[in-house]
Amino acid sequence: MASVTIDKIDTFALRIPLDTWAPPPMFAGKPRTHVEMFLVRVTCSNGIVGWGECYGSSLPLLNAAFDAWVKHLAIGQDANDKQLTARIERLLHGMGRAGATVHAISGLDIALWDIRGKLEGVSVSTLLGGAKRKRVETYASLLQYSGNLDHVARNTTRALERGYKHIKLHERTADAVAASRKAAGPGIPIMVDTNCAWTPAEAEQPVAAIGASKPHWVEEPIWPPEDFESLAKLRKATGVPLAMGENATGVLDFRKMIAAGATDFVQPSIVKIGGLTNLWQVATEAEKAGINCTPHAFFFGPGYLATLHAIACKEKTSVLERLFADVAFVAYSKTVPDTGGGVDVPDRPGLGADPETELLERFKI
Ligand SMILES: [Mg+2]
C-alpha cells in the first residue's frame, strides 16, 4: 500500500445545551448548562478522513495545544504509524503528563484509529482483535442533584422508564443513594460517583454508610485521586467495591493502583489518557490482573464510539456510560442508536459513523 500521510487537522469546538430536569450542577465553579465537545478531523493525503475527540472541558486550551505543537508534529507523518502518538506524547512530556496537551493527543489518536479502519475497510473492533460481543449495555449516568432526594428518586425512575438497567449517581450522601435504591429496587446495579469527595481521614464513615445501599461501586472517594495507598486501606476497611482512573496520569498510574490493591474497577478516559492506544493497553493489562476495565465515557462523540469498540472487544463484559439528560442534539442517534439501554456495535469501517453535519454546524462556537 502506498504510504498515506496526514495532510490536515481541523478542530471543532461545540457547546450543546442540556436539560438535567433539576438545577444545573456546578462544574469548575460554573453551572453546567451545556456539554462542551471538542472534535478533531484528520484528513489524509488520499482523501480519507478520520474523527477524534478530546476531553471537552479542556476546550479553551485545546486549540492552543493543536496550533502550538500537535499539528506541527503530526502533519506529514505516516497515518499508519502506530507509534506516532506515543512519540508525540514523549516529545511533549515537558508540557505536563496529563491535562490539555495529552487531551489533544488523545483526540489525534482516536482519529488515527478511525483512519486505519477505513484504510483497511474494517471496523475498529476488527483492528482490536474482533468484537467479543455485538451489543453493549449502557448505564444512565445521572448528573449531580446535590443530595436532593426528590431529584434523585425521580430521575432514577426516569432512567428505568427509558430502558436503562444500570444507574450511576453523582451524589455523596447515604440518604441520596438510599433514595435511588428505593426507587430502583434491589436488582438494579447502582454506582456512586463522589468525584474525589473526601480526604483519606474523612472517607471511611460516608463510604461505609453508602455501602448499606449495596452500591455496585463507589467511584473516586478520595482526594487526591492518586493516593492509592489510602484508597486500598479504605477498600479493605469498608469492603465496598471501588472504581477509579478517569483522572489517572498515563498507563503507569493504572499499574500502581492495581498493584496497591486500590480498586475493583479501572476507568481510563479515552479522551484524557492518550486515546484508544493507551486505553486498550490499560484494559488488557487490568483484565489480565483480574480487574474489570469499565471506561469513563461522559461524552458523546468519536471518543464514545471508540470506547464502545474497546468494551465490545475486551475480555470482560462491562457497561458503557451515557450522560443522562436531555441533550439538544444526540450524536449518532440514527447511525449508532442507544435503544433500551444498549448499543449495537457497528461493523462498518473505522469507528462506524462520522459526526453529523448538523451537530458540527448548529453547535459550533
Ligand atoms: Mg467519575
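The structure we're discussing is the one just above.
About the criteria used
- Residues numbered from 1 in each chain as written.
- Predicted model: local features only at pLDDT ≥ 70, side-chain atom pairs only at ≥ 80, totals over all residues.
- Heavy atoms only, no water.
- Helix = DSSP H or I, 4+ residues; strand = E, 2+ residues; numbered from the N terminus.
- Rg over C-alpha atoms; globule rule 2.2 N^0.38 Å.
- Buried < 20%, exposed > 50% of the residue type's maximum accessible area, 1.4 Å probe, protein only.
- Contact = heavy atoms within 4.5 Å.
- Lys, Arg positive; Asp, Glu negative; His and termini not counted.
- Charge placed at Lys NZ, Arg CZ, Asp CG, Glu CD.
- Axes fitted to C-alpha atoms, helices over the stretch in contact; angles between N-to-C directions.
- Parallel < 35°, antiparallel > 145°, perpendicular 65-115°, else oblique.
- Left-handed = near helix turned anticlockwise from the far one by under 90°.
- Nonpolar A, V, L, I, M, F, W, Y, C, P; charged D, E, K, R; others polar.
- Donors = N, O, S within 2.8 Å, 3.2 Å for Na, K, Ca; no water.
- Pairing = 2+ DSSP bridges.
- Polar contact = N/O pair within 3.5 Å; in protein donor to acceptor, adjacent residues only side chain to side chain.
- Expected span 1.5 Å × (residues − 1).

What to know about the overall build of the protein
A count of helical and extended segments in the protein gives twelve helices and 16 strands. At 20 Å, the protein has a C-alpha radius of gyration in line with the 21 Å of a compact globule built from 365 residues. Dimensions of the protein, computed from the C-alpha atoms along their principal axes, are close to 60 × 40 × 40 Å. Of all 365 residues assigned to the protein, the portion counted as buried reaches 57%. Counted over contacts in the protein with a minimum sequence separation of 6, partners at least 24 positions apart contribute 72%. Here the protein carries 39 positive and 40 negative side-chain charges, and the mean point of each set is 2 Å from the other.

Some words on the packing of helix H7 (residues 200-211) against helix H8 (residues 228-238)
To characterise two packed helices, one gives the angle between the axes of the helices and the distance between these axes. At a minimum axis separation of 10 Å, H7 and H8 run at an interaxial angle of 30°. Taken together, the axis directions place H7 and H8 in an arrangement best described as roughly parallel. In the packing of H7 onto H8, the handedness of the crossing is right-handed. Only Ser230, Leu234, Ala237 and Thr238 of H8 make contact with H7, whose side of the interface consists of Pro200, Ala203, Glu204, Val207 and Ala208. The residue makeup of the contact of H7 with H8, split by class, is six nonpolar, two polar and one charged.

Side note on the coordination of the magnesium ion
In an ideal tetrahedron of four donors about a metal, each angle is 109.5 degrees. In an ideal octahedron of six donors, the angles are 90 or 180 degrees. Around the magnesium ion, the protein contributes the donor atoms Asp193 (OD), Glu219 (OE) and Glu246 (OE), which lie 1.9 to 2.1 Å from the metal centre. The sequence pattern formed by the donor residues of the magnesium ion is D-x25-E-x26-E. In this pair, Glu219 is assigned in strand E9 (residues 217-219) and Glu246 in the loop between strand E10 (242-244) and helix H9 (251-259), connecting sequence segments 27 residues apart. Comparing Glu219 with Glu246, the two get one shared label, buried.

Points about the pairing of strand E4 (residues 34-44)
Walk down a regular strand and you will see the side chains alternate between the two sheet faces. Of all eleven residues in E4, eight are buried; the element is thus mostly enclosed. Across eleven bridges, strand E1 (residues 6-19) lies against E4 in antiparallel orientation. Looking at E4, one finds that Arg15 is bridged to Glu36. Pairing between E4 and strand E5 (residues 49-54): six bridges, direction antiparallel. Bridge pairing links Phe38 to Cys54 in E5. Counted between consecutive antiparallel strands, the loop separating E4 from E5 contains four residues, among which Gly47 sits at a positive phi close to 95°.

Observations regarding the sheet that holds E5
With respect to topology, four strands assemble into an open sheet ordered E5-E4-E1-E14, the strand pairing being antiparallel. The open sheet terminates on both sides in strands that have one partner only, identified here as E5 and strand E14 (326-327).

Brief notes about unusual backbone geometry
Look at the link from Trp223 to Pro224: it is a cis peptide, with omega at 0°. Inspection of the secondary structure assignment puts Pro224 in the loop between E9 and H8. One non-glycine residue, Tyr332, lies in positive phi territory at about 60°. The class of Tyr332 is buried, set by a relative accessible area of 1%.

Section: the side chain of Thr20
Take Thr20: it is sitting in the loop between E1 and strand E2 (26-27). By relative accessible area, Thr20 is classed as buried at 5%. Separated by 3.0 Å, the side chain of Thr20 and the backbone oxygen of Ala22 make a polar contact. When neighbours within four sequence positions are excluded, Thr20 is seen to be in contact with Pro25, Leu143, Tyr145, Asn155 and Ala325.

Notes on helix H11 (residues 302-313)
In this model H11 runs 17 Å from its N-terminal to its C-terminal C-alpha over twelve residues, within 8% of the 16 Å that 1.5 Å per residue would give. Across the twelve residues of H11, twelve count as buried, placing the element largely inside the fold. All buried positions along H11 are accounted for by Pro302, Gly303, Tyr304, Leu305, Ala306, Thr307, Leu308, His309, Ala310, Ile311, Ala312 and Cys313.

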